[in-house]
Amino acid sequence: MATINDHYLKLKAGYLFPEIARRVSAFAAEHPDAPIIRLGIGDVTEPLPQACRSAMIRAVEDMGDRAHFKGYGPEQGYDWLRGAIATHDFQSRGCPIEASEIFISDGSKCDTGNLLDIFGNHNVIAVTDPVYPVYVDTNVMAGHTGEANEKGEYGGLVYLPITAENQFTAQIPSQKVDLIYLCFPNNPTGATATKAHLTAWVDYAKANGSIIFFDAAYEAFITDPSVPHSIYQIEGARDCAIEFRSFSKNAGFTGTRCAFTVVPKTLTAKAADGSDVELWKLWNRRQSTKFNGVSYIVQRGAEAVYSPEGQAQTKALVDFYMENAKIIREQLAAAGIQVYGGTNAPYVWVKTPNNLSSWDFFDKLLNVCNVVGTPGSGFGAAGEGYFRISAFNSRENVNEAMRRITESFKV
Ligand SMILES: *Cc1c(COP(=O)(O)O)cnc(C)c1O
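Residues numbered from 1 in each chain as written. Predicted model: local features only at pLDDT ≥ 70, side-chain atom pairs only at ≥ 80, totals over all residues. Heavy atoms only, no water.

Draft legend 1. Summary view of the overall build of the protein chain. Scanning the protein chain from terminus to terminus reveals eleven helices and 15 strands. In terms of overall size, the protein chain behaves like a compact globule, its C-alpha atoms giving a radius of gyration of 22 Å where 411 residues would be expected to give roughly 22 Å. With the C-alpha coordinates aligned to their principal axes, the bounding extent of the protein chain is approximately 60 × 55 × 55 Å. When the 411 residues of the protein chain are sorted by exposure, 52% land in the buried category. Long-range pairs, those at least 24 residues apart, make up 73% of the contacts in the protein chain between residues at least 6 apart in sequence. (Helix = DSSP H or I, 4+ residues; strand = E, 2+ residues; numbered from the N terminus. Rg over C-alpha atoms; globule rule 2.2 N^0.38 Å. Buried < 20%, exposed > 50% of the residue type's maximum accessible area, 1.4 Å probe, protein only. Contact = heavy atoms within 4.5 Å.)

Written as structure tokens, this is what we have:
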């Protein structure tokens, strides 16, 4: 008799966004003419940069020409893309990362989950609370947790609360943890980490033999020049950190799919016999076996991000969303609502007014303003009393949503 991976039955996931969808469709059914604006989605809205489209069109033509046709590519990605990334994203910032340490993939979501393949089953795992749900759910699926309690917290995970009281940066744990997930600029809070905060994490990881999983999907949204873009800007991070990057948010590739993971060759973890094993070798083996690379066409599109036109066009995209974020911040603040984030990330993290719960504020915003956001409690217990508003939308929708909110909340 076939059996299943029972760990899947522990998953509470699929609760947040389906519940949002359920409440929105119930409201829409009762109020069919309500002009609902969705500021809850973590997906981009603006079209692909011209430089990327042109490069992909040329690549399609290559595929139609016997002399330039490409079959299977290297599982790790083409050297020209890995080289462009190493030069532009790392070496230009003084990070000693080589092209061979960059693994091209079809997404950071998959990479953060797949990476667990090469780690043992008895690591102590720390996540922030609130958190990007993928980090938690993939560990549940891999059998690294116990059951969830009524707040949605899984047994066996170490939750590090991030709230206004600690500027949304977790306190370095007093206990030993083996794997730590950090996301900066942060989804959902929009917070960033200072160099000093990241240095404290790197020092902790080196002292405890831990590995940091550093998700920098929103790196391009950093506007403050003092904020590090990469964990490798911190001395010693090559010995304790893996970094995830994606073209999804900076270049609008959420539907095109291209990302990469950096695994330094100096990074090791322990085998059962106590010996040190290079994680680069394991990840290379894993990708060579279970992955056949990102399409040539898409990799050419990603390479174009690093051309002068691509750099200008992606900067314009990011600037557009960040102007939305600025409008959201300013308008909500004018309505007397406490806001965080939104200056180095496309998310504004709102303290719900009058101590409303996250879901009560959700209902109020939907009913009174016909605006949809994301309840903070859906990202973790410590997100209760907060609310995420996304800057990924048209200017028209952002302006209209803010007009409605300021009108109904103004004191
Ligand atoms: C959007 C996002 C990503 C990118 O995921 P892709 O699979 O590359 O599209 C990664 N991490 C976080 C926290 C995100 O919000």
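Draft legend 2. Quick peek at the sheet that holds strand E11 (residues 339-341). With antiparallel pairing, the four strands of this open sheet are ordered in space as E11-E12-E15-E14. Each end of this open sheet is capped by a strand with a single partner; those strands are E11 and strand E14 (374-375). Strand contacts of helix H10 (residues 358-369): strand E12 (347-351), E14 and strand E15 (386-390), with the helix running at about 45 degrees to E15, the strand carrying the most contacts. (Pairing = 2+ DSSP bridges. Axes fitted to C-alpha atoms, helices over the stretch in contact; angles between N-to-C directions.)

Draft legend 3. Quick look at helix H11 (residues 395-409). If you check H11, its first and last C-alpha atoms are 21 Å apart, about what 15 residues at 1.5 Å a residue would give, namely 21 Å. Every buried residue belonging to H11 is among Val398, Ala401, Met402, Arg404, Ile405, Thr406 and Phe409, and all of these are buried. Those residues of H11 that are buried lie in contact with strand E1 (37-38), helix H9 (308-334), H10 and strand E13 (371-372). (Expected span 1.5 Å × (residues − 1).)

Draft legend 4. Main features of helix H2 (residues 50-63). Between the first and last C-alpha of H2 there are 20 Å, a value that for 14 residues agrees with the 20 Å anticipated at 1.5 Å per step. Taken together, the buried positions of H2 are Ala51, Cys52, Ala55, Met56 and Ala59. Buried residues of H2, viewed axially, fall in a sector of 125 degrees; they line one side. Every exposed residue of H2 that faces more than 90 degrees away from the buried side is listed here: Ile57, Arg58 and Glu61. Residues of H2 that are buried make contact with helix H8 (296-303) and H9. (Arc of directions from axis to C-beta.)

Draft legend 5. Here's a closer look at the sheet that holds strand E7 (residues 241-246). Spatial ordering of the open sheet is given by E2-E8-E7-E6-E5-E3-E4, a layout of seven strands whose pairing is mixed. Only two strands of the sheet have a single partner each, and these edge strands are strand E2 (102-105) and strand E4 (157-161). Sheet twist, expressed as the mean angle between neighbouring strand axes with direction ignored, is 20 degrees. Across four bridges, E7 lies against strand E8 (residues 259-262) in antiparallel orientation. Residue Ser246 lies in a different strand from E8, and its bridge partner there is Ala259.

Draft legend 6. Here's a closer look at the site of the ligand. Near the ligand there are 15 residues, and of these Asp215, Tyr218, Ser246, Ser248 and Lys249 occur at the shortest range. Asn187 places a polar side-chain atom, nitrogen or oxygen, 2.9 Å from an oxygen atom of the ligand. The separation between an oxygen atom of the ligand and a polar side-chain atom of Lys249 is 3.3 Å. Out of a free accessible area of 390 Å², the ligand has 93% covered by protein chains. Along the lines of polarity and charge, the residues of the shell around the ligand split into six nonpolar, five polar and four charged. (Near = heavy atom within 4 Å. Polar contact = N/O pair within 3.5 Å; in protein donor to acceptor, adjacent residues only side chain to side chain. Areas by Shrake-Rupley, 256 points an atom, 1.4 Å probe, with all protein chains shown as cover. Nonpolar A, V, L, I, M, F, W, Y, C, P; charged D, E, K, R; others polar.)

Draft legend 7. Structural context of the pairing of strand E3 (residues 125-129). Counting buried positions along E3 yields five of five residues, so the element is predominantly enclosed. Note on the crossover from E3 through helix H5 (residues 133-141) to E4: the handedness is right-handed. (Right-handed = clockwise from strand over helix to strand, strands pointing away.)

Draft legend 8. Spatial organisation of the environment of Phe362. In this fold, Phe362 is placed in helix H10. Considered as a pair, Phe362 and Asn123 are 239 residues apart in the sequence and their alpha carbons are 37 Å apart.

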